[in-house]
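Structure at a glance
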Amino acid sequence: MTRGAAGPTLVLVLAVGVLVAAGVTLLLERSLTRILLGIILLGNGVNLLILLGGRAGAAPFVGSSPQGEMSDALPQAMVLTAVVITFGLTAFLLAVAYRSWYTSGDDEVQDDLEDRQIVRLAESNEVSTADHGGEGPDDDPEQVDPEPARRRLRRDGET
Amino acid sequence: MSGLVPLPVVVPLLGAALTLLLSGRPRLQRSISVLCLSSVLVVAAVLLVEAYRFGPVVVQVGGWPAPVGIVLVADQLAALMVLVSSAVTLCVLLYSIGQGRGETGETAPVSIYHPTYLVLTAGVTNAFLAGDLFNLFVGFEILLAASFVLITLGGTEVRLRTGSTYVVVSILSSLLFLSAVGLVYAATGTLNMAQLAGRLDALPSGVRLTLQLMLLLAFGIKAAVFPLSAWLPDSYPTAPAPVTAVFAGLLTKVGVYAIIRTETLLFPGGQVAGLLMVVAGLTMVVGILGAVAQSDLKRLLSFTLVSHIGYMIFGVALSSVAGLSGAIFYVVHHITIQTTLFLVAGLVEERAGSTDLRRIGGLARVAPMLGVLFFVPAMNLAGIPPFSGFLGKLGLLQAGVAAGGTLPAVLVGAGTLTSLLTLYAASRVWNIAFWRAPRLASTTVPARLPGLMVGATTALVALGVLFTLAAGPLFQVTSNAATDLRERTPYVRAVLPRDVP
């Protein structure tokens, strides 16, 4: 990392911007694999941003160079920690994506329960008025248990 | 005495390592987890007494002096939080042990449950005790990583769907927090909170406001404050009952704690008080309206959780001693009560086969004890006198009235309305699930609940009632803590004895 008189190099600043922008774009996708890639890019962007916060310069060993020319070691230490954390979380998310593909044949993140209920009500043109305070449980046969997710791919050899 | 401060973090971590090694011997594993959390409870109690009598207890990790090294600080607020959270985690652990004995299917990967649970506890206590912004981040990451494992426990399809939402949202908030940390360092050249208190004051107000809003955004997602709360009711209810209970009780409160800490120590002066009040009011009202519309007990409780976060944010926004004191009292009360209610929801599921209000009924006749266990914390949550929920809300509303002005007055109204609607939601559950003709969702449920599960829940209900009896001393502690927070000097002087700003 080189450094001009005024501040960090423009290249690094641009790199942060591009990484974060690409990461956010990918995060808006539905498939977990793309979200994962987005998180990796975003994480790297943030790590670079932290690195920009410290002063650049020579290796920070006592006696190796004048004190004013040394780089700031603290952001580098923080980035190391952050890299490890991002790595661990990425690995976990990868496992979740794989497991999700394994169980449902699909790694798409689906709408939540409420959304699906509202969509269903809208399709059948009903109003979601039912307050189940007064009537007995038999009056309302509708269940709110989550439905099984749809399966796109069926693997052979599994029933 | 300062040697005790790292123990609430270190003991659970060591316990996690031990339980991981002993994964083949469940009995030993259980005793180690219980022993770890009990000792944390004792240490936390000692720390609170110490902090109350002599001021914040500080330890410099590794012997490095304060601005350079990392400090762990147990002031009254942190010690109180550690105490309550360790009491709650211990009860939930006992509950989950009871559940593990009662049934076989749910807790199959039990060997991974205990280590992860202990790591979660270590993360929570680390976040409470951190005296350094980056250490706070690390604490958050520890507890988040553990919570990811717990929320997808078993790896079923439903848990993965809801779990992946939770994981992505949490990682996003962590990245926001991390970039805020990076920018704070770039602006001030330090991350030690005591030193930041002085240096942030010297920054131009625009930069200061930007940093404050970034941190608030990150903590707001974690604390599930209204526009950022949509992830919570979707992801919590599907996890196993003890996991949901401990998440609901603790994880959002860690976010609230971080908001209290940053708003008082780092950014005093109430620059964003108006924003916080609007957000608090919306959180209360929108959250409770969501709860009223739910027909599943666990989802309903998740919405009340979101709603009542609003009370705490309201107290922080007032930023008077009375407001902060009320907010801290409310955090303590709400950690206990919300956890209890989720544990009761777990008991209902165990006894009736479902928590869906349309499929169950008449539980008060079938299981009278369960009825009592639900009724007391539900009324406590709704704020019926003489329970602590009433005292906490009263303290906050009084502080709001004392502050004067239009916005606090509106918030007092919103708080009262939320309290009434909580009562409506709670009594609706009572009417549907506990009165009427007995009806169970499943015929294969056990007639008797495991004693340890009922015992742990009873202990938490009793703790909730105890807050009423001990409300005087507890308010004494919270108002002392609030005074210290407002003054800032006790904290700063304890960490940096030499240069007080």
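Along each chain, residues carry numbers from 1 onward, in the same order as the chain's sequence is written. Numbering of ligands from 1 and lettering of chains from A proceed in the order in which they are written. With the structure being a predicted model, the display of local features is reserved for residues of pLDDT at least 70 and the display and counting of side-chain atom pairs for 80 or more, all residues being used for whole-chain, interface and lining totals. Only hydrogens and water are set aside; all other atoms, that is, all heavy atoms of the structure, feed into the side-chain values.

**A look at the UniProt feature "transmembrane region" (unreviewed entry) in chain A**
Residues and elements named next belong to chain A. We apply this condition: UniProt positions are given in the numbering used here, feature names are shortened, and annotations may be inferred rather than shown by experiment. Here a helix means four or more residues in a row that DSSP labels H or I, a strand means two or more in a row labelled E, and each is numbered from the N terminus.
What UniProt calls "transmembrane region" (unreviewed entry) maps, in this numbering, to residues 6–28, 35–57 and 77–98. Helix makes up 78% of residues 35–57 and strand makes up 0%, while its end C-alpha atoms are separated by 36 Å. Between the first and last C-alpha atoms of residues 77–98 the distance is 32 Å; the span itself is 100% helix and 0% strand.

**A word on the interface of chain A and chain B**
To keep things clear, this is the line we draw: Here, residues are in contact when the closest pair of their heavy atoms is within 4.5 Å. In short, buried area is how much 1.4 Å probe accessible area vanishes from two parts on joining, totalled over both. Counting of polar contacts relies on pairs of N or O atoms within 3.5 Å, with two restrictions inside protein: one atom must be capable of donating a hydrogen and the other of accepting it, and residues adjacent in sequence are counted only when both atoms are side-chain atoms. Each residue is assigned to one class: nonpolar for Ala, Val, Leu, Ile, Met, Phe, Trp, Tyr, Cys and Pro, charged for Asp, Glu, Lys and Arg, and polar for all the others, Gly among them.
If you look at the interface, chain A gives 49 residues, while chain B gives 40 residues. Regarding the contact of chain A and chain B, the summed buried area is about 3800 Å², with carbon and sulfur atoms giving 67% of it. Across the chain A-chain B interface, the total number found is one residue pair in polar contact (both at pLDDT 80 or more). For the side of chain A that touches chain B, the secondary-structure elements that each account for two or more residues are helix H2 (32–52), helix H3 (73–104) and helix H4 (113–123) of chain A. Per-element accounting of the side of chain A that touches chain B gives the leading share, 14 residues, to H3 of chain A. In terms of residue class, the side of chain A that touches chain B is made up of 23 nonpolar, 13 polar and 13 charged.

**Overview of the side chain of Gln195 of chain B**
Counting through the fold element by element, Gln195 of chain B comes out in helix H7 (residues 193–201). When sequence neighbours within four positions are dropped, the list of residues in contact with Gln195 of chain B reads Pro67, Thr190 and Leu496 of chain B.

**A short note on the environment of Leu282 of chain B**
All names here are of chain B. With respect to the element layout, Leu282 can be found in helix H11 (residues 273–292). Between the alpha carbons of Leu282 and Leu397 there is a distance of 16 Å; along the sequence they are 115 residues apart. Those residues in contact with Leu282, other than ones at most four positions away along the chain, are Phe226 and Gly287.

**Regarding the layout of surface pockets**
The criterion, for reference: In this analysis, the protein atoms alone were mapped onto a 1 Å grid. Cavities are point sets where a 1.4 Å probe fits without being able to get out; pockets are open sets with protein on both sides within 12 Å along at least five of seven lines; lining residues have an atom within 4 Å of a point. Grid points are joined across faces, edges and corners, and a volume is the space filled by probe spheres set on the points.
As a volume, the second largest pocket reaches approximately 600 Å³. Lining the second largest pocket are 22 residues, with Leu74 of chain A together with Pro67, Val68, Gly69 and Tyr185 of chain B positioned closest to its centre. Those elements that place two or more of their residues in the lining of the second largest pocket are H3 of chain A together with helix H5 (133–151) and H7 of chain B. The residue inventory of the lining of the second largest pocket, partitioned by class, reads 12 nonpolar, seven polar and three charged.

**Points about empty space enclosed by the protein**
It is a probe the size of a water molecule, rolled over the atoms, that shows where empty space is left. Going through the model one piece at a time under the given rule, you end up with eight cavities of 30 Å³ or more. The computed volume of the largest cavity comes to approximately 110 Å³. The element that contributes the greatest number of residues to the lining of the largest cavity is helix H6 (residues 157–188) of chain B, accounting for four residues. A per-class count over the lining of the largest cavity returns nine nonpolar, two polar and one charged. Space inside the second largest cavity adds up to approximately 100 Å³. Listed by contribution, the elements that provide at least two residues to the lining of the second largest cavity are H3 of chain A together with H5 and H6 of chain B.

**A few points about the environment of Ala459 of chain B**
Note that Ala459 of chain B resides in helix H18 (residues 451–469). C-alpha of Ala459 of chain B to C-alpha of Ile260 of chain B: the two residues are 199 residues apart in sequence and 28 Å apart in space.

**A few points about the packing of aromatic side chains**
Which entries qualify depends on this criterion: For Phe, Tyr and Trp, rings pair up if their centres lie within 6.5 Å, where Trp contributes its six-membered ring, and each pair is then called stacked (planes under 30 degrees apart), edge-to-face (over 60) or tilted (otherwise). A ring is considered to have a charge above it if a Lys NZ or an Arg CZ atom is located within 6 Å of its centre and within 35 degrees of its normal.
Here the structure, examined in full by the defined rule, presents 22 aromatic pairs over all chains. Relative to Tyr257 of chain B, the ring of Phe128 of chain B lies with its centre 5.0 Å away and its plane at 80°, an arrangement referred to as edge-to-face. Note that Phe128 of chain B is positioned in helix H4 (residues 110–129) and Tyr257 of chain B in helix H10 (residues 241–266), a separation of 129 residues in sequence. An aromatic cluster of three or more residues is present, and its members are Phe92 of chain A together with Phe148, Tyr166, Trp231, Tyr236 and Phe247 of chain B. Across from the ring centre of Phe140 of chain B, 4.7 Å away, lies the NZ or CZ of Lys222 of chain B, which sits over that ring. The aromatic ring of Tyr311 of chain B is capped on one face by Lys393 of chain B, whose charged end is 5.4 Å from the ring centroid.

**Description of the nonpolar core**
Residues and elements named next belong to chain B. Condition: Here the nonpolar core consists of buried residues drawn from Ala, Val, Leu, Ile, Met, Phe, Trp, Tyr and Cys, with membership extended through side-chain atoms lying within 4.5 Å. Burial classes: relative accessible area under 20% of the type maximum marks a residue as buried, over 50% as exposed, and values in between as partly exposed (1.4 Å probe, protein chains only).
The biggest cluster of nonpolar side chains holds 203 residues, and the ones touching the most others in it are Leu136, Tyr236 and Phe247. Sort the elements by how many residues they give to this core and helix H13 (residues 321–352) lands first, with 17 residues. Among all residues touching Phe247, those that are not within four sequence positions of it are Leu120, Ser147, Leu150, Ile151, Tyr166, Tyr236 and Thr252.

**Concerning the pairing of strand S2 (residues 71–74) of chain B**
Residue and element names in this part refer to chain B. Our working rule: Whether two strands pair comes down to DSSP finding at least two bridges between them.
Neither face of S2 is left uncovered, since the one carrying Val71 and Val73 and the one carrying Leu72 and Ala74 both have all their residues buried. Where strand S1 (residues 57–60) meets S2, four bridges bridge the pair, whose relative direction is antiparallel. Bridging across to S2, Val57 finds its partner in Ala74.

**Observations regarding H7 of chain B**
Residues and elements named next belong to chain B. Burial in H7 covers these residues: Met193, Ala194, Gln195, Leu196, Ala197 and Leu200. Elements that come into contact with the buried residues of H7 comprise H5, H6, helix H8 (205–223), H10 and helix H20 (489–495). Between a side-chain oxygen at the N-terminus of H7 and the backbone nitrogen of Ala194 the separation is 3.0 Å; the capping residue is Asn192.

**Overview of the confidence of the model for chain A**
Reading fine detail from the predicted coordinates is not recommended where pLDDT is low. All names here are of chain A. The cut-off we apply is this: As a per-residue measure, pLDDT tells how confident the predictor is, with possible values from 0 to 100.
Averaged over chain A, the pLDDT score is 76; the fraction of residues at 70 or greater is 74%. Highest mean pLDDT in chain A belongs to helix H1 (residues 10–27) (92); lowest belongs to H4 (78). Residue range residues 1–6 is modelled with pLDDT below 50. Its contacts to residues more than four positions away, or to other chains, number eight contacts. Within the model, the stretch residues 132–159 combines pLDDT values under 50 with 45 contacts to residues more than four positions away or in other chains.

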